[in-house]
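# Survey of secondary and tertiary structure
Take a look at the letters that make up each chain.
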Amino acid sequence: MRELALHILDITENSVSAQAKHVEISLDVDFERDRLVIAISDDGCGMDEEMVKKVCDPFTTTRKTRSVGMGLPLFKYSAESSGGSFSIRSEKGKGTRVQAEYRISHVDRMPLGDFGGVVLQLITMHPEVDFRFSVKNGERSGQLDTAELKEILGDTAALNEPAIRNFLREYIEENLVSLYGGGL
């Protein structure tokens, strides 16, 4: 993968596959401390201690279609190779939290990429999941909570309807993407 947004998409798809009903994705940007933290938390099926120890091995996967799982190992590698760190916590039946920290100025840090596009794609592809996205850059912060949006819109509106999708695209651009100012 060539951008961090695609890692976010991949890990979040793992959450959806793990039957998560609530997924939180956060970006914490701190240009002064040269730090970007990406965290993805879910309430999916989780993993036992044994699986957590092995999950960053590319030859460990729960998939039946092939015996290789590259998402978490590549996410971990991208963080560590850019002077950052990686952690994963999980509890069977409770969910999983994946966190990757990057040095923003490191020459090997991948660009963030189209984070706004990934947010929009996740919302419209998985209307059954409640997503909470948050971005923080110093004192500035923004968030989008699809559970709140669904409550406001009511049962008759779908988040993937064209008019709502256009509204979401603009909202994401103004309230999430603009916070880091394209500097990632």
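Details of the structure are given in the entry above.
Conventions we followed
Residues numbered from 1 in each chain as written. Predicted model: local features only at pLDDT ≥ 70, side-chain atom pairs only at ≥ 80, totals over all residues. Heavy atoms only, no water. Helix = DSSP H or I, 4+ residues; strand = E, 2+ residues; numbered from the N terminus. Rg over C-alpha atoms; globule rule 2.2 N^0.38 Å. Buried < 20%, exposed > 50% of the residue type's maximum accessible area, 1.4 Å probe, protein only. Phe/Tyr/Trp six-rings, centres within 6.5 Å; stacked < 30°, edge-to-face > 60°. Lys, Arg positive; Asp, Glu negative; His and termini not counted. Salt bridge = Lys/Arg side-chain N within 4 Å of Asp/Glu carboxyl O. Polar contact = N/O pair within 3.5 Å; in protein donor to acceptor, adjacent residues only side chain to side chain. Contact = heavy atoms within 4.5 Å. Pairing = 2+ DSSP bridges.

Helix and strand counts for the protein chain come out as six helices and six strands. What you see in the protein chain, going N to C, is helices and strands ordered as α-β-β-α-α-β-β-α-β-β-α-α. Here the C-alpha atoms of the protein chain give a radius of gyration of 16 Å, agreeing with the 16 Å that 2.2 N^0.38 yields for 184 residues. Expressed as lengths along the three principal axes of its C-alpha atoms, the size of the protein chain is roughly 45 × 40 × 25 Å. Counting all 184 residues of the protein chain, 44% fall into the buried class.

Time to look at the packing of aromatic side chains. According to the stated counting rule, one finds three aromatic pairs in the structure shown. Residues Phe131 and Phe133 carry aromatic rings whose centres are separated by 5.6 Å and whose planes lie at 20° to one another, so their mutual orientation is stacked. This pair shows no difference in class: Phe131 is buried, exactly as Phe133 is.

On to the side chain of Asp42, then. Counting through the fold element by element, Asp42 comes out in strand β2 (residues 35–42). The charged side chain of Asp42 is buried without a salt bridge, its nearest counter-charge being Arg97 at 10 Å. Within polar-contact distance, the side chain of Asp42 engages the side chain of Ser15 at 2.7 Å. Those residues in contact with Asp42 that sit more than four places away from it in its chain are Ser15, Ala20, His22, Val23, Lys94, Gly95 and Thr96.

As defined by bridge partners, strand β1 (residues 22–30) adjoins strand β5 (residues 130–137) across eight bridges and the pair is classed as parallel. Across the sheet, the residue bridging to Val23 is Phe131, located in β5. In terms of strand pairing, β5 meets strand β6 (residues 140–145) through six bridges, oriented antiparallel. From the neighbouring strand, Ser134 faces β6, where its bridge partner is Gln143. The antiparallel pairing of β5 with β6 creates a hairpin that spans two residues between the two strands, and Gly138 there sits at a positive phi of about 65°.

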